[in-house]
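Listed below are the residues making up each chain.
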Amino acid sequence: MGALTKGRYLSTAGLLLLVYCTVSVICKGATGDAQPDAPPSVQGTLPHFIQEPEDAYIVKSNPIKLRCRAAPALQIFFKCNGEWVHQNEHFSQEYKDLNTGLKVREVMINVSRQQVEDFHGPEDYWCLCVAWSHLGTSKSRKATVRIAYLRKNFEQDPQGKEVPINGMIVLHCRPPEGVPVAEVEWLKNEELLSSQADDNIDTRADHNLIINEARLSDSGNYTCLASNIVAKRRSATATVIVFVNGGWSLWTEWSACNVPCGRGVQKRSRTCTNPAPLNGGAFCEGMSVQKITCNALCPIDGGWDEWTVWTVCSSQCERQRSRECNSPAPRHRGRMCEGNSEATENCTDGLCTQSMDGSNDVALYSGLGAGIIAVAILVVAVMLYRKNHSEYGVDVIDSSALAGGFQSFNFKTTRQGNPLLLNSSMQPDLTVGRTYSTPLCFQDGADKELFDPLPDIKVKVQSSFMVSLGVAERAEFHAKAPAETFPRDLSRDYCSTTDGRKKGLLTLNGPFSASKELLRTTGVFGHPGGRLVVPNTGVGLLVPHGAVAENMSWEMYMVINQGETSVQTLEGCEILLGPEVTYGPPGLDLFCPVAMTIAHCAEVDAENWNIQLKRKTQDSKWEDVMAVEEESTSCYCLMDSTSCHLLLDQPGSYALVGEPLTQAAVKRLKLAVFGSMEAGSMSYSLRVYCVDDTPHAFQGVVAAEKSRGGQLLEEPKMLPFLANTFSLQVSIQDVPQFLWSIKPFTTCQEFSFPQVWCSNQQPLHCAFSLERYSPATAQLSCKISVRQVKGHEQILQVYTAVAETEKESVPFFMQTDCTITSQTGPKAFKIPLSIRQRICATFDTANAKGKDWQLLAQKLHLDRNLGYFAKQQSPSAVILSLWEARHQDTADLDSLASALEEIGKIHSKSSPKDQDEPESDFNHIQAGSLCGTGKLTNQKTEDSAAPEYTG
């Protein structure tokens, strides 16, 4: 009953609403008819939308506004997601359009972030407008409302790259996900890139950056910038490097043949400058210098033809005859014939004479007399001038006579008051400068010319006589090469001047010919073993205990070959890093390997050197034994900073050979300066030696200087010599010019790169000859500069007394083994025999606790090439022999004791002990027994069966 009553009420209300609407329409229509100024088309027009709602994005929590305008419109309502928006949420206003006279209704609603998030439908949140007029309704477009965001991480960051010049650069960028979709821009070095300003750049293809042809200016840091209405995001920076590969320039013209006559060499060169490599571009491949043989035509001197017959006797009682220089004619710069081409004689044996005017004879004799007087006056004036200026120690010569082809520089006196100089109170005129024309450095003596001026030399000499050298690069030695592996075909440029190594630079500048006698030492060794050394050479041989069978003995020898046969048989860029050593006899039969030590002169670095051990075969050729960085079971090689320790099974001749892999390879040179006063003269000779930094090589210099009475003037110094193909220059500086004079053209001398690099243990030396002005000068101070072009430099400071009565003998640089050539028995070893045997018994047996010979090798830092030790009958004994050889000079027993103590500590906390272990594992080696008494004690403890080793 209640439901029926409620339905009736609803029906009645609906009917009343319908009647109301109908009446309202009719009334308004009648009212409209009553308005004369209303447009006639209004009643027949549907609502027209002037403004429709637009898509919008909600940023953070800020609501958005949707607007709608329509005319003519009685009402406008929003409908969102298919549902009407409540009337209270509408904000509406109405106004009259002045142009059309129609009433325009505008409606606005707010949409919040919460409304959008709460909507869960198959599509995005949307709204549209519905407008009513007298004739019906109109709907607007749908406007979507979305929540805006931009994620932080790029889906793809641009990647840095290196591209060649004129290549294409493509940098990929995929921006982070976002609503609305992010727009992408590109930054170069934090500045915005625009494809409109540069046609070579395209930024429109899928957010990628494309540079069609890379230029050097395109190198830089690139960043992808993504942004929308919410935020901006920056990608990781991509570094782009545009590089240029080097290109060869054109070949220069062929040089003239380097010999005036016969077979010689012509050269031409090119440089890697077309273009030069930039930004890591590849260096040019191929040779920078080409050489060809040439045959210079030898000069042919002219020869005289036969004389012609005498002419008829003339009225002057003379007759003539002539000859021509045609047998042969001079060719190819040959000399003209010497003598007269014409001859005249009296044809009447003096019976026919002509009257002569005596005035001609008077004029002739007068001229000769005047010339003689002028020459005498000039000689006297020069002598007086030199005598007046001799107190300043300045030698004055006419520099114009020597100006051809040389650069000039100034000699000035040194500072006053030097306490090492006699007559230091002398007041020299420091404003006076004298100029000598002189070449800077000696050249390679292949053309047998005394001096060969260098091109493009700039010299600046200050008052202290410090010479600044800027020698132009020479193609054969100064060709710039990449700092990477040397091509094999460059070996000729490294070590091709074998003759140069033998001849040197003239007589005072080149390899020093030391004694060629063999350095030999011998010793008789039995079962106890021993040690054999060549004094003061860094070469030694250790024969381990037990190497020789019991009741047997061998007479063993060791020889250092000082000849040049080794040098002539090396290949390519290989050089000797130490002396060639032979040990024997050839039929030697030992039970374990011997340990040989050879000093070397290389700065050991596997990246810059390829160092190999070689053995000489019966036909005097070298064969490879092993590379020091590789592993081998036939030989063991341990490289220290100054020595190489070898374990050898086979007697023979061995040499350590090195080949540079890069220009950073370094060979150590030892520099020394000696001096001596020339007997009965005012001259003093300074001799500078450059020798491979090994004791053997330097002892040759010391022995030679002893024989000639030389005096060592400065502690020898080491110079790192780079494999950069540049020469070595030796110059004398700061010579007191008012006390000493030095011959022009000799202040700086030079060794070519092959001479130094391929010296192969042979000393190089040059000499400076100085002459004092007064016998009272008893002291000399100067500097010797030894420098490699584009390399290192060392200064040898000379302060010495030059009086012959004060001359001292050369100090003999002694090593610890210089007075003993052989030792046999226990005294030859650092480790006592009893402790050595106990160590071997402990470590040669594999142990569950890991205390075997491999751990011993590891703690003694000998854990390379373990395969060699593994094949030995007693690996521990061989390891200890190598340790003995390595520490023969230092006798560092503490390091061995510390290693044993560390092994004991590591395993003292091992797992539960096995009571059945051999008795040898219970040994306790006391520190005192290892380092002092040599006694070994066995201690068994009830608490622990594990062996302990203490230092």
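Okay, so let's go over this structure. (Residues numbered from 1 in each chain as written. Predicted model: local features only at pLDDT ≥ 70, side-chain atom pairs only at ≥ 80, totals over all residues. Heavy atoms only, no water.)

This part covers the nonpolar core. Buried together is how nonpolar side chains tend to be arranged in soluble globular proteins. Ranked by internal contacts, the top residues of the largest apolar core, which has 73 residues, are Tyr583, Leu686, Phe768 and Ile784. In this structure, isoleucine 784 is in contact with Val673, Leu686, Val688, Val730, Ser731, Ile732, Phe768, Gln794, Ile795, Leu796 and Val798, ignoring residues within four places of it in sequence. Membership of the second largest hydrophobic core comes to 32 residues, among which are Ile835, Phe869, Ala877 and Leu882. (Core = buried A, V, L, I, M, F, W, Y, C linked by side-chain atoms within 4.5 Å. Buried < 20%, exposed > 50% of the residue type's maximum accessible area, 1.4 Å probe, protein only. Contact = heavy atoms within 4.5 Å.)

Now for the side chain of serine 227. Relative to the helices and strands, serine 227 is located in strand S19 (residues 220-227). With residues near it in sequence (within four places) discarded, serine 227 still touches Leu150, Ala182, Glu183 and Lys232. (Helix = DSSP H or I, 4+ residues; strand = E, 2+ residues; numbered from the N terminus.)

On inspection of all chains with the given rule, the structure shows 25 salt bridges. In this structure, the salt-bridge partner of glutamate 190 is arginine 234, at a minimum N-O distance of 2.9 Å. Of this pair, glutamate 190 sits in the loop between strand S15 (183-188) and strand S16 (191-192) while arginine 234 sits in strand S20 (residues 232-234), and the two are 44 residues apart along the sequence. For glutamate 190, a relative accessible area of 53% translates into the label exposed. Under the relative-accessibility criterion, arginine 234 is labelled partly exposed at 45%. A salt bridge links arginine 531 to glutamate 884; its shortest N-O distance comes to 3.7 Å. Of this pair, arginine 531 sits in strand S32 (residues 530-534) while glutamate 884 sits in helix H13 (residues 875-886), placing them 353 residues apart in sequence. For the pair arginine 531 and glutamate 884, one class covers both residues: buried. One network of salt bridges, in which partners are shared, links Asp198, Arg215 and Asp218. (Salt bridge = Lys/Arg side-chain N within 4 Å of Asp/Glu carboxyl O.)

A few words now on the packing of aromatic side chains. Per the stated rule, a full pass over the model turns up 14 aromatic pairs. Geometrically, the ring pair formed by phenylalanine 77 and tryptophan 132 is edge-to-face, given 5.5 Å between the ring centres and 75 degrees between the ring planes. Here phenylalanine 77, found in strand S4 (residues 75-80), pairs with tryptophan 132, found in strand S8 (residues 125-132); they are 55 residues apart in sequence, far enough to count as distant. The partly exposed category is assigned to tryptophan 132, whose relative accessible area is 29%. Taking the centre distance of 5.7 Å and the plane angle of 90 degrees together, the rings of phenylalanine 119 and tyrosine 125 count as edge-to-face. Taken together, Trp609, Phe721, Phe753 and Trp757 form an aromatic cluster joined through their ring pairs. Here arginine 323 stacks its cationic end above the ring of tryptophan 304, 4.2 Å away from the centre of that ring. The ring of tyrosine 557 is capped by arginine 520, whose NZ or CZ atom sits 4.5 Å from the centre of that ring. (Phe/Tyr/Trp six-rings, centres within 6.5 Å; stacked < 30°, edge-to-face > 60°. Lys NZ or Arg CZ within 6 Å of the ring centre and 35° of its normal.)

What the six strands build is an open sheet, ordered S40-S41-S37-S33-S32-S53; its pairing is antiparallel. One side of each edge strand has no neighbouring strand; the edge strands of this open sheet are strand S40 (636-639) and strand S53 (822-824). Adjacent strand axes in the sheet meet at a mean angle of 10 degrees when their direction is disregarded. Two strands pair when backbone bridges link them, and S40 and strand S41 (residues 643-648) are joined in this way by four bridges, in the antiparallel orientation. Looking across to S41, one finds that leucine 638 is bridged to histidine 645. (Pairing = 2+ DSSP bridges. Axes fitted to C-alpha atoms, helices over the stretch in contact; angles between N-to-C directions.)

The next point concerns the sheet that holds strand S49 (residues 748-751). Taken in spatial order, the four strands line up as S49-S47-S51-S52 in an open sheet, and their pairing is antiparallel. The open sheet terminates on both sides in strands that have one partner only, identified here as S49 and strand S52 (793-801). Within the sheet, the average angular offset between the axes of one strand and its neighbour, ignoring direction, is 15 degrees. In the sheet, strand S47 (residues 728-733) pairs with S49 via four bridges, with the strands oriented antiparallel. Among the inter-strand pairings, leucine 728 is bridged to a residue of S49, identified as phenylalanine 751.

What the rule picks out here adds up to eight disulfides. Paired through a disulfide, cysteine 173 and cysteine 224 show a sulfur-sulfur distance of 2.0 Å. Between cysteine 173 and cysteine 224, the S-S torsion sits near -80 degrees, and that sign places the bridge as left-handed. With cysteine 173 in the loop between strand S13 (169-171) and strand S14 (178-179) and cysteine 224 in strand S19, this residue pair connects regions lying 51 residues apart in the sequence. Under the relative-accessibility criterion, cysteine 173 is labelled buried at 0%. The partner cysteine of cysteine 257 in its disulfide is cysteine 294, sulfur to sulfur 1.9 Å. Residues cysteine 257 and cysteine 294 are joined by a disulfide whose S-S torsion is about 80 degrees; by sign, that bridge is right-handed. (Disulfide = S-S within 2.5 Å.)

Geometry only, nothing functional implied.
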